[in-house]
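Reading the structure
Given next are the chains, with one letter for each unit.
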Amino acid sequence: MSRAALSGPHRAARERGGRTKAIRLGPRSVAALALVSAIGVIAFGWPLFAPGDSGITTHAADAPWLFAALLPLLLAVVVATIADTGLDAKAVAMLGVLAAAGAALRPLGAGTAGIEPMFFLMVLSGRVLGPGFGFVLGAVSMFASALLTGGVGPWMPFQMLAMGWVAMGAGLLPGAAQPPGRAEPLLLAGYGAVASVAYGTVMNLQGWTLMQGMASGISYVPGDPLGDNLARFVAYCLATSLGWDLPRAVVTMVLTLTLGTPILKALRRATRRAAFEAPVAFEDS
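Residues numbered from 1 in each chain as written. Predicted model: local features only at pLDDT ≥ 70, side-chain atom pairs only at ≥ 80, totals over all residues. Heavy atoms only, no water.

**With respect to the overall build of the protein**
Quick note on the threshold: Here a helix means four or more residues in a row that DSSP labels H or I, a strand means two or more in a row labelled E, and each is numbered from the N terminus. Classification of residues uses two cut-offs on accessible area relative to the type maximum, computed with a 1.4 Å probe and protein chains only: under 20% is buried, over 50% is exposed, and between them is partly exposed. Note on contacts: a residue pair is in contact if any heavy atoms of the two residues lie within 4.5 Å.
A count of helices and strands for the protein gives 10 helices and two strands. Counted from the first residue to the last, the protein has its helices and strands arranged as β-α-α-α-α-α-α-α-α-α-α-β. Counting every position in the protein, which comprises 285 residues, the buried fraction comes to 45%. Sequence-distant contacts, at least 24 apart, represent 81% of the contacts inside the protein between residues at least 6 apart.

**A look at the side chain of Arg-248**
Using the following cut-off: Counting of polar contacts relies on pairs of N or O atoms within 3.5 Å, with two restrictions inside protein: one atom must be capable of donating a hydrogen and the other of accepting it, and residues adjacent in sequence are counted only when both atoms are side-chain atoms.
Its location among the elements puts Arg-248 in helix 10 (residues 242-273). A polar atom in the side chain of Arg-248 sits 2.9 Å from the side chain of Asp-245.

**Some remarks on the packing of helix 7 (residues 156-172) against helix 8 (residues 183-208)**
Cut-off, in case you're wondering: Lines fitted to C-alpha atoms define the axes, with helix axes restricted to the stretch in contact, and inter-axis angles between N-to-C directions lie between 0 and 180 degrees. Should an angle fall under 35 degrees it is taken as roughly parallel, and over 145 as roughly antiparallel, whereas 65 to 115 is taken as roughly perpendicular and any remaining angle as oblique. With the far helix as reference, a near helix turned anticlockwise by less than a right angle produces a left-handed crossing, and one turned clockwise produces a right-handed crossing. Note on residue classes: Ala, Val, Leu, Ile, Met, Phe, Trp, Tyr, Cys and Pro are nonpolar, Asp, Glu, Lys and Arg are charged, and everything else, Gly too, is polar.
Between helix 7 and helix 8, whose axes approach to 10 Å, the crossing angle comes to 160°. In this view, helix 7 runs roughly antiparallel relative to helix 8, as classed from their interaxial angle. In the packing of helix 7 onto helix 8, the handedness of the crossing is right-handed. Between helix 7 and helix 8, the residues in contact are Phe-158, Gln-159, Ala-162, Met-163, Trp-165, Val-166, Gly-169 and Ala-170 and Tyr-191, Ala-195, Tyr-199, Val-202, Met-203 and Gln-206, respectively. A class-by-class count of the residues in the contact of helix 7 with helix 8 yields 11 nonpolar, three polar and no charged.

**Let's talk about the environment of Trp-208**
Mapped onto the elements, Trp-208 comes out in helix 8. Classification of Trp-208 as buried rests on a relative accessible area of 0%. At 2.6 Å, the side chain of Trp-208 and the backbone oxygen of Ile-218 are in polar contact.

**Comments concerning the nonpolar core**
Worth spelling out the cut-off: Only buried Ala, Val, Leu, Ile, Met, Phe, Trp, Tyr and Cys residues count toward a nonpolar core, and they belong to the same one when joined by side-chain atoms within 4.5 Å.
Phe-135, Met-163 and Tyr-199 are the most contacted members of the largest nonpolar core, which has 60 residues in total. Counting residues per element, this core draws most heavily on helix 7, at 11 residues. Not counting the four nearest positions on each side in its chain, Tyr-199 is found in contact with Phe-119, Met-142, Gln-159, Ala-162, Met-163, Val-166 and Arg-248.

**Notes on helix 9 (residues 226-240)**
For clarity, the threshold we go by: One less than the residue count of a helix, multiplied by 1.5 Å, gives the span that helix is expected to have. Note that the arc is computed from the directions linking the helix axis to the C-beta atoms.
Here helix 9 spans 21 Å end to end across 15 residues, near enough to the 21 Å set by a 1.5 Å rise per residue. Within helix 9 the residues assigned to the buried category are Asn-229, Arg-232, Phe-233, Tyr-236 and Cys-237. Buried residues of helix 9, seen end-on, are gathered within an arc of 140° and therefore sit on one face of the element. Turned more than 90 degrees off the buried face of helix 9, the exposed positions are Leu-238 and Ala-239.

**What about the confidence of the model for the protein?**
Defined as follows: Within a predicted model, pLDDT stands for the predictor's per-residue confidence, ranging from 0 to 100.
Residues of the protein with pLDDT of at least 70 account for 77%, and the chain-wide mean is 79. Below a pLDDT of 50 lies the segment residues 277-282, which in the model reaches 17 contacts outside its immediate sequence neighbourhood of four places, other chains included.

**Structural notes on the packing of aromatic side chains**
Note the following rule: Under the pairing criterion, centres of Phe, Tyr and Trp rings, with the six-membered ring standing for Trp, must be within 6.5 Å; the plane angle then separates stacked pairs below 30 degrees from edge-to-face pairs above 60, leaving the rest tilted.
Tallied over the entire structure, the rule returns six aromatic pairs. Arranged with centres 5.1 Å apart and planes meeting at 70°, the rings of Phe-44 and Phe-158 form a pair that is edge-to-face. Of this pair, Phe-44 sits in helix 2 (residues 27-45) while Phe-158 sits in helix 7, and the two are 114 residues apart along the sequence. Arranged with centres 6.4 Å apart and planes meeting at 40°, the rings of Trp-208 and Tyr-236 form a pair that is tilted.

**Focus: the pattern of salt bridges**
Heads up, the rule is: What counts as a salt bridge is simple: a side-chain nitrogen of Lys or Arg found within 4 Å of a carboxyl oxygen of Asp or Glu.
Enumeration according to the criterion identifies five salt bridges in this entry. Across the salt bridge formed by Arg-232 and Asp-224, the nearest N and O atoms sit 2.8 Å from each other. The buried category is assigned to Arg-232, whose relative accessible area is 16%. Asp-224 gets classed as partly exposed once you look at its relative accessible area, which sits at 24%. Between Arg-248 and Asp-245 there is a salt bridge; the shortest N-O distance is 2.9 Å.

**Digging into the side chain of Asn-229**
Following the sequence through the fold, Asn-229 ends up in helix 9. Residue classification places Asn-229 among the buried residues on the basis of a relative accessible area of 1%. A distance of 3.0 Å separates a polar atom in the side chain of Asn-229 from the backbone oxygen of Val-221. If we ignore the near neighbours within four places in the chain, the residues touching Asn-229 are Leu-48, Trp-208, Ser-219, Tyr-220, Val-221 and Asp-224.

Put into structure tokens, the structure is as follows:
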């Protein structure tokens, strides 16, 4: 007599206690993420290298073009990740659910003193979904939250890129293929704190180059040497945004330490049920 049995990855997953297999980057995913990240780095950083007569104040007009380029690139990352890992439409549906949850969390703090609870969900989700889907999740969540809160403006595509990097970085952390342990929430909490400050710093760079005429010690000066402008930028961050970035880091760290373990378990359980692993196959035994 023969019986139907789960084969391959599903049987192994049960033997490992149902742990979700890590979603690794394939060559197409790496190429898509590298392209969109390179465009993002150029979009954020080119004013630092612009000559003094470049008309840097028109930098805000770049946002619609960046947004237009970002959307097909996000689609390319999704398609590449699906092609490399064999994920199906259920994975995309899971991505949509998490993006909606992230968008709903953002208004809770309303940006008050940097209290933004969506960051911890992006970190945990990026860890489970992997860097490719994590990047898309961060960007789509920020886009949806901007529509929800009325925060649409020239800063939005830059926020999408920065949040995408936050979630992608969580997916690139070491140990994703190992059984989850007690150290994982500590790792994610530390990363979340650093990423929260890094997000604010990167977003400062987008707005700082447009705000000329401030105090000479913190104002951007087009055409000045890179070292001089970077020194002013550090002074600008310390004087203006550190009071928001540090509370954001603390909130992200505390939420990750207190809620991280059950949420990670729930996310991994959901991804298993959404067939994030290889399809079920039947064999005779």
